[in-house]
Amino acid sequence: MKKILVTGALGQIGSELTSKLREIYGSDNVIGTDIRKIDGQQEQGPFELVDVTDGKQLFDIAKRYEVDTIMHLAALLSAKAESFPKVAWDINMGGLVNALEVSKNLDLQFFTPSSIGAFGPTTPKDQTPQDTFQRPTTMYGVNKVAGELLCDYYYHRFNIDTRGVRFPGLISYVAPPGGGTTDYAVEIYYEAIKHNAYESYIAEGTYMDMMYMPDALNAIIKLMEADPSRLVHRNAFNISAISAQPGDFANAIRKHLPDFKLSYKVDPVRQQIAESWPNSIDSAAAANEWGFKADYDIDRMTKEMLEKVSTKFNVKQ
Ligand SMILES: NC(=O)c1ccc[n+]([C@@H]2O[C@H](COP(=O)([O-])OP(=O)(O)OC[C@H]3O[C@@H](n4cnc5c(N)ncnc54)[C@H](O)[C@@H]3O)[C@@H](O)[C@H]2O)c1
């Protein structure tokens, strides 16, 4: 039976991943940790306050619960990292090396997500290959490339079973996104339900990869359970479901809310980050090596997002 410690468990991914892992492996076998607490969290299963920049604290909790896996999600995301680059370095790199050291010392399986932010302006923009130029120009991107290499290093040098994916922008309705460049693709659904209108900070025609959260969670679980002998790559697999620009979300929303209005007020910082990222990435290596497949396209996701956000705000569509 698996016993998993999740860092950053209260974030956009962690809050849903922790619940899903508890459904699969049992509540007591999934230890949620974060630097902050939310009321009610403790009732769903074990939860501990852990600052990932404190390696000893992380080690002590992992040892006390006798976990066999760390899923390391604690991080500062792209837009926030550009506002606080040194803090981002300390959390993203300091936290990662601490989590890898704990995995090495306790011989744990290890997962952490990289991102489409690990690519940069010199990366081929369309159907970006698994192995290609990675010269990002953001602190977040620098952290993600360094992180991919560090995870590979711990695998080759110490034989730690490290695995990871490059997530695209993730769209979900449970926990709010944490300050990334693709957050507009979540906000647009909330604003559609609340005001039937959205002002996008990303310009018309700017394509980025996206994925609905259920596909992202399934990908993590599938990769972690994959036969290691089939994995040529480890850190980190390109995975994507949707390549879209703001107008594509508006068109999908209008199938349910015909009067929905989209306008633009571009934020230069996030726009510049978006333009340095691919338009679409090629997930073939993930499909071939561990059977990655996304179930949601933009229309199926939009229908469900509008239903879930309406329910959340008690609005009749
Ligand atoms: N959400 C996305 O669209 C997306 C896309 C690509 C990659 N990723 C990656 O997935 C991972 C999780 O992302 P997310 O969207 O859930 O982020 P998030 O910002 O929603 O959550 C991060 C969590 O980490 C916690 N945290 C911050 N500093 C900490 C510290 N020092 N110690 C312990 N916890 C700390 C925060 O309290 C928060 O709950 C990150 O590595 C991120 O780069 C996310």
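Procedures and definitions
- Residues numbered from 1 in each chain as written.
- Predicted model: local features only at pLDDT ≥ 70, side-chain atom pairs only at ≥ 80, totals over all residues.
- Heavy atoms only, no water.
- Helix = DSSP H or I, 4+ residues; strand = E, 2+ residues; numbered from the N terminus.
- Buried < 20%, exposed > 50% of the residue type's maximum accessible area, 1.4 Å probe, protein only.
- Contact = heavy atoms within 4.5 Å.
- Lys, Arg positive; Asp, Glu negative; His and termini not counted.
- Charge placed at Lys NZ, Arg CZ, Asp CG, Glu CD.
- Near = heavy atom within 4 Å.
- Polar contact = N/O pair within 3.5 Å; in protein donor to acceptor, adjacent residues only side chain to side chain.
- Areas by Shrake-Rupley, 256 points an atom, 1.4 Å probe, with all protein chains shown as cover.
- Domains from an automatic or database assignment.
- Buried area = accessible area lost by both parts, 1.4 Å probe.
- Salt bridge = Lys/Arg side-chain N within 4 Å of Asp/Glu carboxyl O.
- Nonpolar A, V, L, I, M, F, W, Y, C, P; charged D, E, K, R; others polar.
- Pairing = 2+ DSSP bridges.
- Arc of directions from axis to C-beta.

## Examining the overall build of the chain
Within the chain, the regular secondary structure consists of eleven helices and 14 strands. Expressed as lengths along the three principal axes of its C-alpha atoms, the size of the chain is roughly 55 × 45 × 35 Å. Sorting the 317 residues of the chain into buried and exposed places 54% on the buried side. Contacts in the chain between residues at least 24 apart in sequence constitute 78% of all its contacts with a sequence separation of at least 6. The chain carries 33 positive and 41 negative side-chain charges, and their two centres are separated by 2 Å.

## Focus: the site of the ligand
For the ligand, the set of nearby residues contains 26 residues, the closest of which are Q12, I13, D34, R36 and Y140. A distance of 2.9 Å separates an oxygen atom of the ligand from a polar side-chain atom of R36. Between an oxygen atom of the ligand and a main-chain N or O atom of L170, the distance comes to 2.9 Å. Contact with the protein chains removes 93% of the 830 Å² of surface that the ligand exposes when unbound. Elements that contribute at least two residues to the shell around the ligand include exactly β6 (114-115), α5 (139-158) and β9 (169-171).

## Some thoughts on the domain arrangement of the chain
Parsing the chain into structural domains produces domain 1 (4-168 + 213-238) and domain 2 (170-210 + 241-280 + 296-312). A C-alpha centroid distance of 25 Å is found between domain 1 and domain 2. Between domain 1 and domain 2, the residue contacts involve 28 residues of the former and 25 residues of the latter. In this assembly, domain 1 packs against domain 2 so that about 2300 Å² is buried in total across both faces, 58% of it on carbon and sulfur atoms. The largest share of the area that domain 1 buries against domain 2 comes from Q12, K125 and P168, three residues that together contribute 28% of it. Along the contact surface separating domain 1 from domain 2 lie zero salt bridges. Connecting domain 1 to domain 2 are 15 residue pairs in polar contact (both at pLDDT 80 or more). Taken together, the elements giving at least two residues each to the side of domain 1 that touches domain 2 come down to α1 (14-25), α3 (78-83) and α7 (213-225). Residue composition of the side of domain 1 that touches domain 2, grouped by class: twelve nonpolar, ten polar and six charged.

## Quick word on the pairing of strand β4 (residues 69-72)
The two faces of β4 match: T69 and M71 on one face and I70 and H72 on the other face are all buried. The sheet contact formed by strand β1 (residues 4-7) and β4 spans four bridges and is parallel. Looking at the pairing, V6 lines up with M71 of β4. With three bridges joining them, β4 and strand β5 (residues 109-111) adopt parallel strand pairing. Bridge pairing in β5 links I70 to F110.

## A short note on helix α2 (residues 55-64)
What α2 keeps buried is the set L58, I61 and A62. Take α2 and look down its axis: the buried residues cluster within an arc of 100°, on one side only. Of the exposed residues in α2, those oriented more than 90 degrees away from the buried face are K56 and R64. Buried-residue contacts for α2 involve β1, β2 (30-34), β3 (47-49) and α4 (85-106). Looking at where α2 begins, the residue whose side-chain oxygen comes 3.2 Å from the main-chain nitrogen of K56 is D54. Positive backbone phi, approximately 50°, marks E66, located one or two places after α2.

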